[in-house]
Amino acid sequence: MSGKTHVQTTINGEHTDFLCEPRQSLLEVLRDVVGLTGTKEGCNDGNCGACTVILDGRIVTACLVLGVEAEGAEITTIEGIASGGILHPIQQAFLENAALQCGVCTPGFILASKALLDENPNPTEHEIRFWLANNLCRCTGYDKIVRAVLDAAATMQEV
Amino acid sequence: MHWIDYASPRSVKEATELLAERGERARILAGGTDLLVLLRAGVMDNVDLVVDGKSVPELNEVTYDPQAGLTLGAAVPCYKIYNNPKVTQAYPGLIDAASLIGGTQIQGRATLGGNLCNASPSGDSIPVMIALGGVANIAGPSGDRSVPIEDFCTAPRRTVMQPGEMLVSLHFPAPAPRSGAHYLRFIPRNEMDIAVVGAGVSVVLENGTIKSARVALASVAPTPLFVKEAGDALAGKPATEESVRIASALAQDAASPITDMRGTKEYRKHLCEVLTRRALLTAIERAKEA
Ligand SMILES: Cc1cc2nc3c(=O)[nH]c(=O)nc-3n(C[C@H](O)[C@H](O)[C@H](O)COP(=O)(O)OP(=O)(O)OC[C@H]3O[C@@H](n4cnc5c(N)ncnc54)[C@H](O)[C@@H]3O)c2cc1C
Ligand code: FES
Ligand code: FES
């Protein structure tokens, strides 16, 4: 057994095939093989959440998933969040609340927040903080991120 | 990461054959939240095959029966455990552990089987699994066997499993009437840290008296520590704080923690008493409501 494996997935709603080595993480595959560089690498060991993607309906850190494990999976990355040039309400709320500075953590926070609001459309601040504990931000101090998620939740309930 | 091969067997037999063929060089992959970190860190350079446990049906099983108890496949991730209403209802102690391993993303992958097989002294689910009287169902080239969870870990990162063997599932007896369990850990923040000390306990009550109890600790010895004498001391005692203090003192005596960056051994000793006491008091409250 050696060489590359052919993996079939659906990424952001599109059927996507790729070839990868078994040792390559889903993060490496997304960035270096598929060319979706919106997913960021921070720690590469599961702590920072910068690489968060939605895998079969659950958020995971893509650095702790092997590319080969994604066979048959549905994956959503940050590139799949806006639709037709219109920002998702969570993205809009991050902008309006200045919930980012350098932006490295932002794709991960947005994916994690989306998964939260899909499951719990009206979370408390406490619930937001616990849900986002696997995402680190070295710039904002978190408060603006939490406000942005609260705002996004309110906006999304209006529509 | 060095080169590894990947296999996704469809049966326990196929998986154990692969494991037997490569011996120490093969590892089961469950959620990968320990394994991939260790492989990448270069501390498992001898490993050249990961065998995906998630492709084996038995490892994904979650079956609860009020008489037979709970069978939890070794590859079931934490979120599937705490999102299962039957398990949440019957085993709140297990839910305490499943919902505090890592954060949301880690819980989307991490399994209790992996937590046990990783055999870290700080494995958060292990004390409460011991307290619940859990059993590890192991399969291997020379057949199946079951090992009580308190006997599973033998040293840091070492278990009773021999080359070729794998964990198939964890089994927990049905909760007795008026029983309760709890896991409590101390960390310096609210989430995402390694237990300075953890205490997993269970109690069974009968007419205001403690019928039986079990106590186990994390991060106070080279393996998760079952403190049989602490639970035994509670049998026949009234379900009061006074009784609980006897057990928590025994738990403290049994612990032999070390000093490291997370805490001194004196501080850990102190925590053993506090956490065992608080965990037992919560377990008693839960048992009264059960
Ligand atoms: C950011 C982060 C936070 C974490 N927080 C915590 C925490 O709060 N508390 C805690 O206890 N742990 C924590 N961990 C460690 C880890 O998530 C847990 O130990 C988890 O339960 C491991 O499960 P897994 O399914 O990912 O195991 P894996 O990584 O897949 O496997 C772990 C080990 O067990 C072996 N193994 C797995 N399944 C089997 C099987 N069926 N048969 C034989 N061997 C098997 C593997 O070969 C490997 O050696 C954290 C890890 C990260 C990255
Ligand atoms: S890069 Fe994956 S969690 Fe940090
Ligand atoms: S905006 Fe820089 S890390 Fe969060």
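Just so it is clear, the model here is predicted, and its values are computed rather than measured.

Quick notes on the rules
Residues numbered from 1 in each chain as written. Chains lettered and ligands numbered in written order. Predicted model: local features only at pLDDT ≥ 70, side-chain atom pairs only at ≥ 80, totals over all residues. Heavy atoms only, no water. Helix = DSSP H or I, 4+ residues; strand = E, 2+ residues; numbered from the N terminus. Rg over C-alpha atoms; globule rule 2.2 N^0.38 Å. Buried < 20%, exposed > 50% of the residue type's maximum accessible area, 1.4 Å probe, protein only. Contact = heavy atoms within 4.5 Å. Areas by Shrake-Rupley, 256 points an atom, 1.4 Å probe, with all protein chains shown as cover. Lys, Arg positive; Asp, Glu negative; His and termini not counted. Charge placed at Lys NZ, Arg CZ, Asp CG, Glu CD. Near = heavy atom within 4 Å. Polar contact = N/O pair within 3.5 Å; in protein donor to acceptor, adjacent residues only side chain to side chain. Domains from an automatic or database assignment. Buried area = accessible area lost by both parts, 1.4 Å probe. Salt bridge = Lys/Arg side-chain N within 4 Å of Asp/Glu carboxyl O. Nonpolar A, V, L, I, M, F, W, Y, C, P; charged D, E, K, R; others polar. Pairing = 2+ DSSP bridges.

## Some words on the overall build of chain A
Piece 1. Along chain A, the regular secondary structure elements total 5 helices and 5 strands.
Piece 2. Counting helices and strands in the order they occur from the N terminus, chain A gives β-β-α-β-β-β-α-α-α-α.
Piece 3. Its C-alpha atoms give chain A a radius of gyration of 16 Å, within 12% of the compact-globule value 15 Å for 159 residues.
Piece 4. Structurally, chain A occupies a C-alpha span of about 50 × 30 × 25 Å along its principal axes.
Piece 5. Counting every position in chain A, which comprises 159 residues, the buried fraction comes to 50%.
Piece 6. Considering only residue pairs separated by 6 or more positions, chain A has 55% of its internal contacts joining residues 24 or more positions apart.
Piece 7. As presented, chain A carries roughly 7,100 Å² of accessible surface, and 48% of it is formed by carbon and sulfur atoms.
Piece 8. Each charge sign in chain A was given a centre, from 10 positive and 20 negative side chains, and these centres are 7 Å apart.

## Details of the site of ligand 1
Piece 1. Around ligand 1 sit 34 residues, and of these Ile28, Thr33, Asp34, Leu35 and Asp124 of chain B come closest.
Piece 2. Those chains with residues close to ligand 1 are chains A and B.
Piece 3. In this structure, a nitrogen atom belonging to ligand 1 sits 2.6 Å away from a side-chain N or O atom of aspartate 124 of chain B.
Piece 4. The backbone of leucine 167 of chain B places a nitrogen or oxygen atom 2.8 Å from a nitrogen atom of ligand 1.
Piece 5. When residues in the shell around ligand 1 are grouped by element, the largest group, 4 residues, is from helix α7 (residues 112–118) of chain B.

## Looking at the domain arrangement of chain A
Residues and elements named next belong to chain A.
Piece 1. When the domains of chain A are assigned, the result is domain 1 (5–79) and domain 2 (89–158).
Piece 2. Taken together, the contacts link 15 residues of domain 1 with 13 residues of domain 2.
Piece 3. Of the roughly 1,200 Å² buried where domain 1 meets domain 2, counting both sides, 64% is carbon and sulfur surface.
Piece 4. The interface formed by domain 1 and domain 2 contains 1 salt bridge.
Piece 5. Of all elements in the fold, only β3 (52–55) and β4 (58–61) reach the threshold of two or more residues within the side of domain 1 that touches domain 2.
Piece 6. It is β3 that provides the largest number of residues to the side of domain 1 that touches domain 2, a total of 3 residues.
Piece 7. For the side of domain 1 that touches domain 2, the class distribution of residues is 6 nonpolar, 7 polar and 2 charged.

## Focus on the sheet that holds strand β11 (residues 179–186) of chain B
Residue and element names in this part refer to chain B.
Piece 1. Judged by pairing direction, the sheet is antiparallel, and its 4 strands sit side by side in the order β11-β12-β13-β14 without closing on themselves. Each end of this open sheet is capped by a strand with a single partner; those strands are β11 and β14 (225–226).
Piece 2. In the sheet, strand β13 (residues 209–218) pairs with β14 via 2 bridges, with the strands oriented antiparallel. Bridged to alanine 216 within β14 is phenylalanine 226.

## Some words on the interface of chain A and chain B
Piece 1. Every contact between the two is made by 30 residues of chain A and, on the other side, 31 residues of chain B.
Piece 2. Of the roughly 2,600 Å² buried between chain A and chain B, counting both surfaces, carbon and sulfur atoms make up 61%.
Piece 3. Seen at the junction of chain A and chain B, the total is 2 salt bridges.
Piece 4. When the shortest N-O distance is used, the salt bridge between lysine 54 of chain B and glutamate 69 of chain A registers 2.6 Å.
Piece 5. Counting across the chain A and chain B interface gives 10 residue pairs in polar contact (both at pLDDT 80 or more).
Piece 6. Residue assignment for the side of chain A that touches chain B shows that the elements contributing at least two residues are β3, β4 and α4 (125–131) of chain A.
Piece 7. Ranked by residue count, the leading element in the side of chain A that touches chain B is β4 of chain A, at 4 residues.

## Some thoughts on the environment of glycine 102 of chain B
All names here are of chain B.
Piece 1. Looking at the element boundaries, glycine 102 is found in the loop between α5 (92–98) and α6 (104–107).
Piece 2. When the C-alpha atoms of glycine 102 and valine 135 are compared, they prove to be 24 Å apart, with 33 residues separating the residues in sequence.
Piece 3. Excluding anything up to four places from it in sequence, glycine 102 contacts Gln107, Glu191 and Met192.

## Quick notes on the pairing of strand β2 (residues 14–20) of chain A
Residue and element names in this part refer to chain A.
Piece 1. In this structure, strand β1 (residues 5–11) lies alongside β2, joined through 7 bridges in antiparallel fashion. Its bridge partner lying in β2, valine 7 is registered against phenylalanine 18.
Piece 2. Hairpin connection, β1 to β2: the antiparallel pair is bridged by 2 residues, and asparagine 12 has positive phi, about 50 degrees.

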